[in-house]
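Remarks on the overall topology
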Amino acid sequence: MTGMVIQMVPVRIGVLVPLSRPGWAEAGRHLLAGLELAVGDVNDAGGIGGRPLELVVRDTAADPQRAAAAVDELARLGVAAVAGEYHSVVARAAATRADALGLPFLCSSAVLDALTEQPTRWVARLSPPQSRGWQVYADFLLGAGHSRIAVATQPSVYWASGVRILRDHLAARGGTVIELDTRALTPAAVCDELADRRATALLLLVGHPEPAVPIVRSVRRDRRLAQVMIGAPAGQPEFAEWATLLGADGAAIPFLRYLPERLSPLGARVETALRERLGGAPSFVAFEGYDTVAVLAEVLRSHGADRARTAESWPHVAVEGTRGLVEFSCTPGISVWQWARAPIQVVDRDPAEPDRFRILHAV
């Protein structure tokens, strides 16, 4: 009967989320809120053929080895699929392990292009690949008049990939990227480099809150840099913690967000429910969580809980999510099944009202 789930053996989905440090716990909390809300909606509508859908949650704490071990455990527990993860390097470890085990993995929020070394039929992804999103961000920079751009960096496959994407895209259009290694430079020294090299923009390709927050404070207080734009393509300003730590200093810092300019009726309903669940505005990551379960639920209803059949279903998915119709395809240079039309925005926090976001560019 619709609206009632018979007490039967649940269909279980393994979930990977960063819920503790050094993981970005706020992102993990939003991702999990979206996943859990969608499971509630699925079960209220009758579950998966009368069987309740159930999440088996594991905290990755942004640790790739911990994530790979969790995939092993979840496979042994008999989950139908694995979903989630926010951190790209962690998602890559999970995707590699899921591919080796023949366990379907729907990646919710990680963007690193090479989630697996070789093409795989077992893994699909909702978030745009880093190359697409960061090229959109580079186009925004050029359109705003910035061609001499400094990037504050830390060692990471993810940050290194971002630098490469920006440098290649900007160089072909007359732009220059100046790399500043935050291992060797204090926030004050970063300011000196910006002034000396006459950069008009500084991009934060570093962790949050350290060293991103101290760098922002230093730049904002340096009179030499009053005209320098600070940017954060990885999305650090999306979450409330950013505004809490930086206040007005955290506004007018453009970042990437994966939402449409206008939510569908489903998206609007989900936004209201997520706001109540989270006690504040939901991030795009929460919507990614909801869409993850919406896709998996439709696949499981249509093809059953057999892992091989789930993997075979990725190219046939057509599910109305909160942010548009989700369909997966093979994308050049991407090793997994990819939602190619995920919406991309460049937004910032409004200096006049830091809790409000301004859309600066959208595709």
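Our subject in this report is the structure included herewith. Nothing here was measured: the structure is a model prediction, and the numbers come from that model. (Residues numbered from 1 in each chain as written. Predicted model: local features only at pLDDT ≥ 70, side-chain atom pairs only at ≥ 80, totals over all residues. Heavy atoms only, no water.)

Focus on the overall build of the chain
- Per the secondary structure count, the chain includes eleven helices and 16 strands.
- Taken against the 2.2 N^0.38 rule, which gives 21 Å for 363 residues, the C-alpha radius of gyration of the chain at 20 Å falls within 12% of a compact globule.
- Relative to its full complement of 363 residues, the chain shows a buried share of 55%.
- Across the chain, every contact between residues at least 6 apart in sequence was considered, and the portion connecting residues at least 24 apart equals 70%.
- A total accessible area of about 14700 Å² is found for the chain, and carbon and sulfur atoms account for 50% of it.
- Placing the 37 positive and 39 negative side-chain charges of the chain at their respective mean positions leaves the two points 2 Å apart. (Helix = DSSP H or I, 4+ residues; strand = E, 2+ residues; numbered from the N terminus. Rg over C-alpha atoms; globule rule 2.2 N^0.38 Å. Buried < 20%, exposed > 50% of the residue type's maximum accessible area, 1.4 Å probe, protein only. Contact = heavy atoms within 4.5 Å. Areas by Shrake-Rupley, 256 points an atom, 1.4 Å probe, with all protein chains shown as cover. Lys, Arg positive; Asp, Glu negative; His and termini not counted. Charge placed at Lys NZ, Arg CZ, Asp CG, Glu CD.)

Concerning unusual backbone geometry
- Residue Pro 22 follows Arg 21 across a cis peptide bond; omega there is 5°.
- Counting through the fold element by element, Pro 22 comes out in the loop between strand E1 (11-17) and helix H1 (25-44).
- Between Glu 210 and Pro 211 the backbone carries a cis peptide bond, its omega angle lying at 0°.
- Looking at the element boundaries, Pro 211 is found in the loop between strand E8 (201-205) and helix H7 (212-221).
- Phi is positive for Ala 252, which is not a glycine, with a value near 55°.
- Looking at the secondary structure, you find Ala 252 in the loop between helix H8 (240-246) and strand E10 (255-257).
- In this structure Ala 252 comes out as partly exposed when scored by relative accessible area, which is 27%.

What about the pattern of salt bridges?
- Tallied over the entire structure, the rule returns 16 salt bridges.
- Note that Glu 73 is salt-bridged to Arg 58, the shortest N-O span being 2.9 Å. You can see Glu 73 sitting in helix H2 (residues 64-76) and its partner Arg 58 sitting in strand E2 (residues 53-59), a full 15 residues away along the chain.
- In this structure Glu 73 comes out as partly exposed when scored by relative accessible area, which is 25%.
- For Arg 183, the salt bridge goes to Asp 181, with nearest N and O atoms at 2.7 Å.
- The exposed category is assigned to Arg 183, whose relative accessible area is 64%.
- Asp 181 gets classed as partly exposed once you look at its relative accessible area, which sits at 25%.
- What emerges from the salt-bridge pattern is a single network uniting Asp 192, Asp 222 and Arg 224. (Salt bridge = Lys/Arg side-chain N within 4 Å of Asp/Glu carboxyl O.)

Observations regarding the pairing of E1
- By the criterion of burial, E1 is predominantly enclosed, with six of the seven residues buried.
- With seven bridges joining them, E1 and E2 adopt parallel strand pairing. When the sheet's bridge partners are listed, Val 11 is paired in E2 with Leu 53.
- Each parallel crossover has a hand, and the one from E1 via H1 to E2 is right-handed.
- One ladder, built from four bridges, connects E1 with strand E3 (residues 81-84); its direction is parallel. Bridged to Ile 13 within E3 is Ala 81. (Pairing = 2+ DSSP bridges. Right-handed = clockwise from strand over helix to strand, strands pointing away.)

Some details on the nonpolar core
- Ranked by internal contacts, the top residues of the largest apolar core, which has 97 residues, are Leu 53, Trp 134, Leu 166, Leu 203, Val 295, Trp 314 and Phe 328.
- In terms of residue count, the dominant contributor to this core is helix H10 (residues 284-303) (twelve residues).
- In terms of nonpolar packing, the next biggest core, distinct from the first, is built from 25 residues, Ala 150, Ile 178, Leu 180 and Leu 194 among them. (Core = buried A, V, L, I, M, F, W, Y, C linked by side-chain atoms within 4.5 Å.)

Quick notes on the packing of aromatic side chains
- All told, the structure shown has nine aromatic pairs when counted by the stated rule.
- Each ring, one from Tyr 258 and one from Phe 284, has its centre 5.1 Å from the other, and the planes form 70°; the classification is edge-to-face. Of this pair, Tyr 258 sits in the loop between E10 and helix H9 (265-278) while Phe 284 sits in helix H10, and the two are 26 residues apart along the sequence. Summarising the burial analysis for this pair, Tyr 258 and Phe 284 share the class buried.
- A connected cluster of aromatic rings, assembled from ring pairs, spans Trp 24, Tyr 86 and Phe 239. (Phe/Tyr/Trp six-rings, centres within 6.5 Å; stacked < 30°, edge-to-face > 60°.)

Points about H1
- Along its 20 residues, H1 runs 28 Å from first to last C-alpha, staying within 8% of the 28 Å computed at 1.5 Å per residue.
- The element H1 is largely enclosed, with a buried count of 14 among its 20 residues.
- Just downstream of H1, Gly 46 is the residue with a positive phi angle, here 110°. (Expected span 1.5 Å × (residues − 1).)

Section: the packing of H1 against H10
- H10 packs onto H1 with a crossing angle of 35° between their chain directions and a minimal axis gap of 7 Å. The crossing of H1 and H10 is right-handed. On H10, the residues that touch Ala 27, His 30, Leu 31, Gly 34, Leu 35, Leu 37, Ala 38, Val 39, Asp 41 and Val 42 of H1 are Val 285, Ala 286, Gly 289, Tyr 290, Thr 292, Val 293, Ala 297 and Arg 301. (Axes fitted to C-alpha atoms, helices over the stretch in contact; angles between N-to-C directions. Left-handed = near helix turned anticlockwise from the far one by under 90°.)

Thoughts on the packing of helix H4 (residues 130-143) against helix H5 (residues 157-171)
- Where H4 contacts H5, the two axes come as close as 9 Å, and the packing angle between them is 50°. Considered as vectors, H4 and H5 are oriented oblique to each other. Of the two elements, H4 crosses H5, and the hand of that crossing is right-handed. Contacts between H4 and H5 pair Gln 130, Ser 131, Trp 134, Gln 135, Ala 138, Asp 139 and Leu 142 from the former with Tyr 158, Trp 159, Ser 161, Gly 162, Ile 165, Leu 166, His 169 and Leu 170 from the latter.
- Here the residues of the contact of H4 with H5 are counted per class, giving eight nonpolar, six polar and one charged. (Parallel < 35°, antiparallel > 145°, perpendicular 65-115°, else oblique. Nonpolar A, V, L, I, M, F, W, Y, C, P; charged D, E, K, R; others polar.)

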